[in-house]
Each structure stands twice: as C-alpha cells, then as structure tokens.
Amino acid sequence: MTRVLIIADMEGVIGIERKEACDPRLPEYEAGAQLLAAEINVVAAAARQAGAMSVSVIDWHAGGGNLKQEMLNVGVEIVPEDFSPGYDVVLLTGFHAMAGTTDAFISHTMSQRVTLEMNGEQAGELALLSRWAGDEGVPVAIATGDRAATVESKRFLPGTPTLTVKDTLSWERAQALPPKQAYEQIHRAVVRAVSDRDGWRIYQSRTPVHFRIKLNPESATATKIPWLSRDADGWLVGQVDSTKDVIDLIDVLTALA
Ligand SMILES: [Zn+2]
C-alpha cells in the first residue's frame, strides 16, 4: 500500500515557457498555477494507476500557496513540508537546475540570491530535496523538469529515472513539449517509476554537511549568526547535521533580505 509524496516545483512544469508564469505578482502566473495543478493531477492519476494508496503533494515553489485544494483531483492532498506522516516514495516534479547553471531555464537554488555548496560541491534543490527525503528514509522514484534539471538529476540522483519536458531558450524562456504529448509521457514515466520498486533509490546526506552559501547581495545580519563564519570570498560557511538544516538555513537567510 504505497503512500506517494509529490514534491512539486513550478519552473519545470509542463507547458510553462516564460519566467513570468512562475511569479505570483504577475498576471501570467494564474495560467502557470493552472498548469502546475494540471501536471500534479496527471502525476497523481499515474501514481494511483501504479498502485498508490494515497497521494500527497508538497507545494514547494516560492514557499507554497500556489495550489488550492480545489484545483486538485479528489484524493490528492496538499501537505506541509514535513515527512512525519510517513511516505513510501517521493516524486520530484517540475524542477529547474541549480544557481549558476548556464543554458538552463530559471536556474536558481531556492532563491535568486543564493548560491550553495555542500561538501565542496555546488548543489541545488534536487540535491537538497533528495537528501532530505533520504535522511527520512524515503526513496525517490523519478525527477522531472527542464533539460538542465534532468542533467543535474543524473549527477546527484544517478540511479533515478528522469523526464525532460522542455528545452531552454534563455534564462527566462523555454520551449516546452506540447502539453498533450508531455502529459502522456509523464503519465507513462510515473506509472513505470512508481511500479518499479527496485528502481527506487535512497539518497542520504554525507554528514556532517559542510556548506558554503553566497548571498547576493550580502546580508550584514546573516554574518551575525554565531555559528556561521564568513570566508575570504564572502561566503557564509558552517556545518550542520542534516540537509534539512541547510534548507531551513537558506529559508532564514533569504527571509533576512
Ligand atoms: Zn520554484
């Protein structure tokens, strides 16, 4: 009886080709949010077809609030950023590449102000979320998004299948597969990924997690956090026990902006 958790971002959602569609302050966003919900409904239906008993979704983009329960099909539940309810497998959908990736649609790491390194390697949201899930003992079955995101996934989630739904034209523009074709592809890919338990992979943090975070612009307040130091290049440096702590720290640092 599989309990599926979708962690849904927006930049890599089927049909979204313009940065403006991901910005809640802009008129194009409404259509973007509908595309986000439509994709989750397709993914959830596929998960059900593959035997999922329940389908929950973390609305990850921009801290959540993009989805309303009535936009989702019956039985698809919006849940908080928390693994405590207990999930068997995670699906990472709608993702983008990390900050600094060239030839990528809206590449960033949680915030457009942040560049992140973990254990000496530049990392982004796919690394953060897969390790957070892994530290909770939950495997990942699939990652979807733009081409740069799926290339990044191959590096950080090497055993996990991916689906590319768009190519990059520029940082602000993408060329997406036609939705009908892309929905058929994602449906097939998710049915296969959720059915294939042998293909689920757990990705745990290498602990302690040594991190370096570059904030642009820098924050004088952030440098006052006692257990963070600032290196010669202006990066905030420290170590924590889990990748979730890095996620929480980035949330705090960006809130200081
Ligand atoms: Zn996002």
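Residues numbered from 1 in each chain as written. Predicted model: local features only at pLDDT ≥ 70, side-chain atom pairs only at ≥ 80, totals over all residues. Heavy atoms only, no water.

Novice: How would you sum up the coordination of the zinc ion? Please name residues and give values.
Specialist: In this structure, Asp9 (OD), Glu11 (OE), Glu11 (OE) and His61 (ND1) serve as the protein donors to the zinc ion, at separations of 2.0 to 2.7 Å. Taken together, the four donor atoms coordinating the zinc ion and their angles of 52 to 139° define a geometry best described as irregular. If you list the donors of the zinc ion from N- to C-terminus, the spacing comes out as D-x1-E-x49-H. Taken together, the residues Asp9 in the loop between strand 1 (2–8) and helix 1 (29–49) and His61 in the loop between strand 2 (52–59) and strand 3 (76–78) connect sequence positions 52 residues apart. (Donors = N, O, S within 2.8 Å, 3.2 Å for Na, K, Ca; no water. Tetrahedral: all angles 85-135°; square planar, octahedral: opposite > 155°, others 65-115°. Helix = DSSP H or I, 4+ residues; strand = E, 2+ residues; numbered from the N terminus.)

Novice: Residues and numbers for the sheet that holds strand 12 (residues 236–240), please.
Specialist: Taken in spatial order, the five strands make up an open sheet running 6-5-10-12-11, and their pairing is antiparallel. With one partner strand each, in any of the chains shown, strand 6 (121–122) and strand 11 (229–230) form the two edges of the open sheet. Two elements, strand 10 (residues 209–215) and strand 12, share five bridges in a ladder whose sense is antiparallel. Its bridge partner being in strand 12, Ile213 is matched across the sheet by Leu236. Where helix 5 (residues 243–255) meets the sheet, its contacts fall on strand 5 (114–118), strand 10 and strand 12, and the angle it forms with strand 10 comes to roughly 20°. (Pairing = 2+ DSSP bridges. Contact = heavy atoms within 4.5 Å. Axes fitted to C-alpha atoms, helices over the stretch in contact; angles between N-to-C directions.)

Novice: Run through the environment of Gly145, naming residues and quoting values.
Specialist: Along the chain, Gly145 turns up in strand 7 (residues 140–146). What makes Gly145 buried here is its relative accessible area of 0%. Remark: the alpha-carbon pair of Gly145 and Gly12, spanning 133 residues in sequence, is separated by 4.0 Å. In contact with Gly145, not counting residues within four places along its chain, are Gly12, Gly94, Phe95, Thr150, Leu163, Thr164, Val165 and Lys166. (Buried < 20%, exposed > 50% of the residue type's maximum accessible area, 1.4 Å probe, protein only.)

Novice: With reference to specific residues and values, describe the packing of aromatic side chains.
Specialist: What the rule picks out here adds up to two aromatic pairs. With centroids separated by 6.2 Å and ring planes inclined at 80°, the aromatic side chains of Phe83 and Tyr87 adopt a geometry described as edge-to-face. Relative accessible area serves as the criterion here: at 5%, Phe83 is assigned to the buried category. Pairing Phe83 with Trp132 gives two aromatic rings, centres 4.9 Å apart and planes at 80°, and the pair type is edge-to-face. Taken together, the positions of Phe83 in the loop between strand 3 and strand 4 (89–95) and Trp132 in helix 2 (residues 125–135) put the pair 49 residues apart, joining distant regions of the chain. (Phe/Tyr/Trp six-rings, centres within 6.5 Å; stacked < 30°, edge-to-face > 60°.)

Novice: Requested: an account of the environment of Arg155, with residues and values cited.
Specialist: Relative to the helices and strands, Arg155 resides in helix 3 (residues 147–156). According to the relative accessible area criterion, Arg155 is partly exposed, its value standing at 46%. Through-space distance from the C-alpha of Arg155 to that of His61 is 22 Å; in sequence the pair is 94 residues apart. In this structure, Arg155 is in contact with Met98, Glu121 and Gln122, ignoring residues within four places of it in sequence.

Novice: Account for the pattern of salt bridges, with residues named and values stated.
Specialist: Going through the model one piece at a time under the given rule, you end up with 13 salt bridges. Taking the shortest distance from any N to any O, the salt bridge between Glu218 and Lys214 comes out at 3.6 Å. Owing to a relative accessible area of 23%, Lys214 belongs among the partly exposed residues under this scheme. Beyond isolated ion pairs, a larger network of salt bridges with shared partners links Glu117, Arg212, Asp231 and Asp233. (Salt bridge = Lys/Arg side-chain N within 4 Å of Asp/Glu carboxyl O.)

Novice: Hey, could you go over unusual backbone geometry for me, with residue numbers and the actual values?
Specialist: Following Thr207, the chain continues into Pro208 via a peptide bond in cis, with omega recorded as -10°. When you line up the elements, Pro208 lands in the loop between helix 4 (179–195) and strand 10. A positive phi angle, near 50°, is found at Ile106, a position not held by glycine. With respect to the element layout, Ile106 can be found in the loop between strand 4 and strand 5. Its identity is not glycine, yet Asn119 carries a phi of approximately 50°, on the positive side. Checked against the element boundaries, Asn119 lands in the loop between strand 5 and strand 6. Asn119 sits in the partly exposed class, given a relative accessible area of 21%.

Novice: Tell me about empty space enclosed by the protein, residues and numbers included.
Specialist: Using the criterion set out here, one finds one cavity of 30 Å³ or more in the structure. When its volume is computed, the largest cavity comes out at roughly 50 Å³. With three residues, the top contributor of residues to the lining of the largest cavity is strand 10. For the lining of the largest cavity, a count of residues per class yields four nonpolar, three polar and three charged. (1 Å grid on protein atoms, 1.4 Å probe; cavity = no way out; pocket = protein on both sides within 12 Å on 5 of 7 lines; lining within 4 Å. Points joined across faces, edges and corners; volume = space filled by probe spheres on them. Nonpolar A, V, L, I, M, F, W, Y, C, P; charged D, E, K, R; others polar.)

Novice: Break down the side chain of Arg131 for me, citing the residues and quoting the values.
Specialist: Looking at the secondary structure, you find Arg131 in helix 2. Glu121 provides the closest opposite charge to the buried, unpaired Arg131, separated from it by 6.8 Å. Of the polar contacts made by the side chain of Arg131, one reaches the side chain of Ser130; its length is 2.9 Å. Residues in contact with Arg131, not counting those within four places in the same chain, are Phe156, Leu157, Tyr203, Gln204, Ser205 and Thr243. (Lys, Arg positive; Asp, Glu negative; His and termini not counted. Polar contact = N/O pair within 3.5 Å; in protein donor to acceptor, adjacent residues only side chain to side chain.)

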